[in-house]
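Working through the structure, step by step
Below are the chains, spelled out letter by letter.
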Amino acid sequence: MAVEETKPADSWWETARAWVRTGKRKELKRPKIGLALGGGFARGIAHIGVLRALEKNNIPIHAVAGVSSGSIVAAAVASGTTADEIEAVALSMKFRDVAKWTVNLMGLAGSDRMINFLARLLKTTRFEEMKIPLAIVATDLVRGKAVTFHERGDVVVPIRASCAYPGLFLPLRHDGKLLVDGFVAMEVPAPALISMGVERVISVAIPNQEGVEDYGNMLSVVNRCFQVMSARTEKDWRRYSSVVVSPPVANMSWDSFASAKKMIELGEQAAMAVMPTIRRWLGQPESAQTEPLTEKARTWADARAPLAAALNPAKEPSTAA
């Protein structure tokens, strides 16, 4: 799990010392934080656990972007759907909820069923009505480049395009473009967030499965090809990432919907592992307080502070990199 930081914000300790010395709380510039959700088909359900960890720690998200399965979760959270609400949908989700087998030279399944699925999951289906600014990345198959949808318009077609895994789902024709899975051009959409004005990016990357000796079907072969390809381009999105969360779900299959509960738990655990870094950006204590202080406890703590300072001369603690 990689952590790359730029110009760290003042720690909670430094802010507290300034308040004790001057009687005034030092103003802390809190960075705008973006959340980039990568692809992974069913394994992208682990993104829900990451959202839950961010919600529990009151981490503000100023913009969110997604590719492939990550685009579904990104759109849901941007529309105002909570982690619990997304989980309720994920726990009952089946492949047939978003796909219908078909006979076509360009793919094995259509994604028309995703329209009704998204109508149940999203609070709104318009970019301009999202509570959090949203970007969805698909791939222009003709030009071989990433296409980013944001700001205005319908979100359903971009999501369907971003989830159009080559060989499995039919490509989507839209606005003069032939669109396929955003994962083809961009494994994790961290670059899209930088253009939206965020200063720190939390990237969630679903890890690749290990190679095996025998691949039983065409989709397994295609999937492995994309894994090899994405490993070669990983540095392109990592350089825009302030912290990378990688839930340990590599051993689960691409269609492991039945393991949703476990993947959500693993996603939350992976996010909690990097939470001290994220809390430092906001000048918060690295360990979250599980229960808010009662008024009596807060009064006692305020009264005790001068005595504690006198008995324990200021010694600045070391912080982990």
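Quick note: structure is the one above.
In short, a report on the structure. (Residues numbered from 1 in each chain as written. Predicted model: local features only at pLDDT ≥ 70, side-chain atom pairs only at ≥ 80, totals over all residues. Heavy atoms only, no water.)

The geometry of helix α2 (residues 46-56) relative to helix α9 (residues 260-273) is characterised by a closest axis approach of 6 Å and an angle of 45 degrees between their N-to-C directions. Classed by the angle they form, the pair α2 and α9 counts as oblique. In this structure, α2 meets α9 at a crossing whose hand is right-handed. For the pair formed by α2 and α9, the contact residues are A46, I48, G49, V50, R52, A53 and K56 on the first element and M263, I264, G267, E268, A271 and M272 on the second. Class assignment of the residues belonging to the contact of α2 with α9 gives a composition of eight nonpolar, two polar and three charged. (Axes fitted to C-alpha atoms, helices over the stretch in contact; angles between N-to-C directions. Helix = DSSP H or I, 4+ residues; strand = E, 2+ residues; numbered from the N terminus. Parallel < 35°, antiparallel > 145°, perpendicular 65-115°, else oblique. Left-handed = near helix turned anticlockwise from the far one by under 90°. Contact = heavy atoms within 4.5 Å. Nonpolar A, V, L, I, M, F, W, Y, C, P; charged D, E, K, R; others polar.)

Let's shift gears to the packing of α2 against helix α4 (residues 83-91). For the pair α2 and α4, the least separation of the axes is 9 Å and the interaxial angle reads 160 degrees. What the angle tells us is that α2 and α4 run roughly antiparallel. The interaxial crossing formed by α2 with α4 has left-handed handedness. Residue-level contacts link I48, L51, R52 and E55 of α2 to A83, D84, I86, E87 and A90 of α4. Considering only residue class, the contact of α2 with α4 consists of five nonpolar, no polar and four charged.

A few words now on unusual backbone geometry. Non-glycine residue F41 carries a positive phi angle of around 50 degrees. Inspection of the secondary structure assignment puts F41 in the loop between β1 (33-37) and α2. The phi dihedral of E151 falls on the positive side, at around 75 degrees, and the residue is not glycine.

So, on to the nonpolar core. With 73 residues, the main nonpolar core has L134, I159 and I202 as its most contacted residues. In terms of residue count, helix α3 (residues 69-79) provides more of this core than any other element does, seven residues in total. If we ignore the near neighbours within four places in the chain, the residues touching I202 are I33, G34, L35, A36, L54, I61, V243, V245, I278 and W281. Grouped together as the second largest cluster of nonpolar side chains are 16 residues, V67, M186, L193 and V244 included. (Core = buried A, V, L, I, M, F, W, Y, C linked by side-chain atoms within 4.5 Å. Buried < 20%, exposed > 50% of the residue type's maximum accessible area, 1.4 Å probe, protein only.)

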